[in-house]
Amino acid sequence: MIELKTDAQAALEIVQTAKLLHQKNFLAAGDGNLSYRIDQNHILITPKAKHKAFIKPNELAVINLSGKILKGQPSSEMLMHLEVYKSQPLAKAVIHAHPPHAIAWTIARPDLTELPKEPLSELILAVGSIPIVPFALPGTQDMATNLKPYIANNRVMILARHGALSWGEDLSEAYNGMERLEHTALILYLAQSLGGLTTLSHQHILDLQTIRDKIGPKTF
Ligand SMILES: [Zn+2]
């Protein structure tokens, strides 16, 4: 049984998290969207094409799991959010943002299928791995289709040449995922610029993965 907030509490939390995402430069202007599952079948989601630093609680839209719009004008990227909620009963919050360093990796290194985890212990400990989901046109069903195979085993994902998506058992877990992702991408970028990526020893990587397995699937 998932713990639920009232609509008003959830709306306030979405607005506050959206402001924080903007302050951290994880999205610009009308970019990004956030959602929260207010009961088993209903989702509160940010409105279409509004600047996320200035949205108000009463502007949030409500949709159901089938994609029916019950209130307001939901984000055109709502299909990705629905894909997460439909396949993951534990998912209570989804964040889609455009973190610049994470996106830059997918533009410069189209050969990568995930962000390199071998150089950095915190990536393995806090999230396990960060896969890169193949590109699809924003706002289309293809985005949700491409995302589908990754959702069960990953709560933090980069969307190639576009952005990133994180989900959690509450909004703070989804936010942590986005912050972890961009911070990791920045560290790797700096290391690459300073001379190149070096890796942990094979044994240390195995030990870190064992600890991560014990911690469980949550992002922190
Ligand atoms: Zn986007």
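Everything here concerns the structure above.
Residues numbered from 1 in each chain as written. Predicted model: local features only at pLDDT ≥ 70, side-chain atom pairs only at ≥ 80, totals over all residues. Heavy atoms only, no water.

**Student:** Explain the coordination of the zinc ion to me, and be specific about the residues and the numbers.
**Tutor:** The protein atoms donating to the zinc ion are His96 (NE2), His98 (NE2) and His162 (NE2), with metal-donor distances spanning 2.0 to 2.2 Å. Counting residues between consecutive donors of the zinc ion along the chain gives the motif H-x1-H-x63-H. Of this pair, His96 sits in strand E5 (residues 93-97) while His162 sits in the loop between strand E7 (156-159) and strand E8 (163-168), placing them 66 residues apart in sequence. (Donors = N, O, S within 2.8 Å, 3.2 Å for Na, K, Ca; no water. Helix = DSSP H or I, 4+ residues; strand = E, 2+ residues; numbered from the N terminus.)

**Student:** Account for the pattern of salt bridges, naming residues and giving values.
**Tutor:** On inspection of all chains with the given rule, the structure shows 7 salt bridges. One salt bridge connects Arg109 with Asp111, and the closest N-O pair in it is separated by 2.8 Å. What emerges from the salt-bridge pattern is a single network uniting Arg155, Glu169 and Glu173. (Salt bridge = Lys/Arg side-chain N within 4 Å of Asp/Glu carboxyl O.)

**Student:** With reference to specific residues and values, describe the environment of Asn41.
**Tutor:** Position of Asn41 among the secondary structure elements: in the loop between strand E1 (33-39) and strand E2 (42-45). Its relative accessible area of 34% is what places Asn41 among the partly exposed residues. Sequence spacing of Asn41 and Ser172 is 131 residues, and the spatial spacing of their C-alpha atoms is 21 Å. Contact partners of Asn41, with chain neighbours within four places excluded, come to Ile63, Asn64 and Leu65. (Buried < 20%, exposed > 50% of the residue type's maximum accessible area, 1.4 Å probe, protein only. Contact = heavy atoms within 4.5 Å.)

**Student:** A description of the environment of Lys68 should follow, citing residues and the corresponding values.
**Tutor:** Here Lys68 is to be found in the loop between strand E3 (61-64) and strand E4 (69-71). By relative accessible area, which is 53% here, Lys68 ends up exposed. Setting aside chain neighbours within four positions, we find Lys68 in contact with Val62 and Ile63.

**Student:** Quick rundown of the layout of surface pockets? Include the residues and the values.
**Tutor:** The calculated volume of the largest pocket comes to roughly 220 Å³. Lining the largest pocket are 16 residues, with Asn153, Asn154, Arg155, Arg212 and Pro217 positioned closest to its centre. Across the lining of the largest pocket, the residue classes tally to 6 nonpolar, 7 polar and 3 charged. (1 Å grid on protein atoms, 1.4 Å probe; cavity = no way out; pocket = protein on both sides within 12 Å on 5 of 7 lines; lining within 4 Å. Points joined across faces, edges and corners; volume = space filled by probe spheres on them. Nonpolar A, V, L, I, M, F, W, Y, C, P; charged D, E, K, R; others polar.)

**Student:** Residue-level account of empty space enclosed by the protein, with values.
**Tutor:** Vacant regions in the atomic arrangement are exposed by a probe of water-molecule size rolled over the atoms. Taken as a whole, this structure holds 1 cavity of 30 Å³ or more when the rule is applied. One number sums up the size of the largest cavity: a volume of about 70 Å³. At 3 residues, helix H5 (residues 141-151) tops the list of elements feeding residues into the lining of the largest cavity. Of the residues assigned to the lining of the largest cavity, the class counts are 9 nonpolar, 2 polar and no charged.

**Student:** Tell me about the packing of helix H3 (residues 100-108) against helix H6 (residues 171-194), and name the residues and values.
**Tutor:** Their axes nearest at 7 Å, the elements H3 and H6 cross at an angle of 55°. The angle between H3 and H6 places the two elements in the oblique class. Helix-helix and strand crossings are classified by hand; for H3 and H6 the assignment is left-handed. Residue-level contacts link Pro100, His101, Ala102 and Trp105 of H3 to Leu181, Glu182, Ala185, Leu186, Leu188, Tyr189 and Gln192 of H6. In the contact of H3 with H6, the residues fall into 8 nonpolar, 2 polar and 1 charged. (Axes fitted to C-alpha atoms, helices over the stretch in contact; angles between N-to-C directions. Parallel < 35°, antiparallel > 145°, perpendicular 65-115°, else oblique. Left-handed = near helix turned anticlockwise from the far one by under 90°.)

**Student:** Describe the nonpolar core, listing the residues and the values that go with them.
**Tutor:** In this structure, Leu21, Leu44, Ile95, Leu115, Ile130, Met178 and Leu181 are the most contacted members of the largest nonpolar core, which totals 38 residues. Only helix H1 (7-23), E1, E5, H3, helix H4 (121-127), E7 and H6 provide two or more residues apiece to this core. Top element by residues in this core is H6. It accounts for 7 residues. With residues near it in sequence (within four places) discarded, Met178 still touches Leu21, Phe26, Ile95, Ala97, Pro99, Ala164, Leu165 and Ser166. Counting 21 residues, the second-largest nonpolar core is a separate cluster that includes Ile45, Leu65, Met78 and Leu165. (Core = buried A, V, L, I, M, F, W, Y, C linked by side-chain atoms within 4.5 Å.)

**Student:** For H3, give the residues involved together with the corresponding values.
**Tutor:** Since the α-helix packs 3.6 residues into each turn, any two residues three or four apart lie on the same face. For H3, the set of buried residues is Ala102, Ile103, Trp105 and Thr106. Taken around the axis of H3, the buried residues stretch over an arc of 150°, which confines them to a single face. Packed against the buried residues of H3 are strand E6 (132-133), E7, E8 and H6. (Arc of directions from axis to C-beta.)

Coordinates in, geometry out; function isn't part of it.
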